[in-house]
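# Structural features, examined
In case you want the letters, here they are:
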Amino acid sequence: MFFDFKILDLPPIPNELVVNITPGTIIRNHPGQEYTRNGVSNVSAPNPFYKISAELERWIQDNICKKYNEVGIRYTHGSSEYPASIVHPDETSSCVLMYNLDHGGGWLNFWQQWGHGVVRDDRYVINNYENVIRISQYETPNFCWYMVNTKILHSIENMKSTRINIQVSLDSAHYVK
Ligand SMILES: [Fe+2]
């Protein structure tokens, strides 16, 4: 059995650490990628990943999780023109702790590629929705921690505006303080 998504009972980030948050130095840029849905060509929402402040990182270490692969803040620039991120498994982690500051109206979706297992050990981007079937979808609330199994193909769908969330990538779903 596998888990895909779970809301966690962990402390919320104090408001003063996030109220005026701005992106720090860029860690990785993820430009939009072309995909096809129902025979129509689209471009996915760009989703650059930035550093967070040392103060916020220290709070996360003290209150949420001492050891992790990477921490940062992602801005997924969704809109009515770019409502979805690309369907993908992550390459740098097996699961990610996430905390939305703004869900942008989007829902987290999990997918399975025809002819493949649910949990993926490869990095494979899906460019056509004909190749996948949806296995679950979740409304992800703001201001609470949740865990995502990023080895399962996933995407954010139906975004209306920019989605902003803090992401802490881990090697194991069990490594939570
Ligand atoms: Fe991802």
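Residue numbering note: each chain is counted from 1, following its sequence as written. Only residues with pLDDT of at least 70 get local features here, since the model is predicted, and only at 80 or more are side-chain atom pairs given and counted; chain-wide, interface and lining totals rely on the full set of residues.

### Quick word on the sheet that holds strand E9 (residues 132-139)
- Strands were regarded as paired on the criterion that DSSP finds at least two bridges between them. The secondary structure listing takes helices from DSSP runs of H or I that are at least 4 residues long and strands from runs of E that are at least 2 residues long, numbered from the N terminus. Strand order in this open sheet of three strands is E9-E8-E11, and the pairing throughout is antiparallel. Sheet topology places E9 and strand E11 (153-157) at the edges, where each strand pairs with a single neighbour. Going from strand to strand, the sheet's axes swing by 30° on average, the running direction of each strand aside.
- Of the strand pairs in this sheet, strand E8 (residues 107-113) and E11 are connected by five bridges, and their pairing is antiparallel. Paired with Trp107 across the strands is Glu157, a residue of E11. Fitted lines through C-alpha atoms serve as axes, helices being fitted only where they are in contact, and the angles separating the N-to-C directions of these axes extend from 0 to 180 degrees.

### Focus: unusual backbone geometry
- Phi at Asn38 is positive, roughly 50°, even though this residue is not glycine.
- With respect to the helices and strands, the residue Asn38 is situated in the loop between strand E3 (34-37) and strand E4 (40-43).
- Take Asn38: there are 8 C-beta atoms within 10 Å of it, and that puts it in the exposed class.
- Despite not being glycine, Phe143 shows a phi value in the positive range, around 60°.
- Tracing the backbone through its elements, the reader meets Phe143 in the loop between E9 and strand E10 (145-149).
- Partly exposed residues are those whose C-beta has more than 12 but fewer than 20 other C-beta atoms within 10 Å; with 20 or more the residue is buried, with 12 or fewer it is exposed, and the C-beta atoms are placed from the backbone. A count of 13 C-beta atoms within 10 Å places Phe143 in the partly exposed class.

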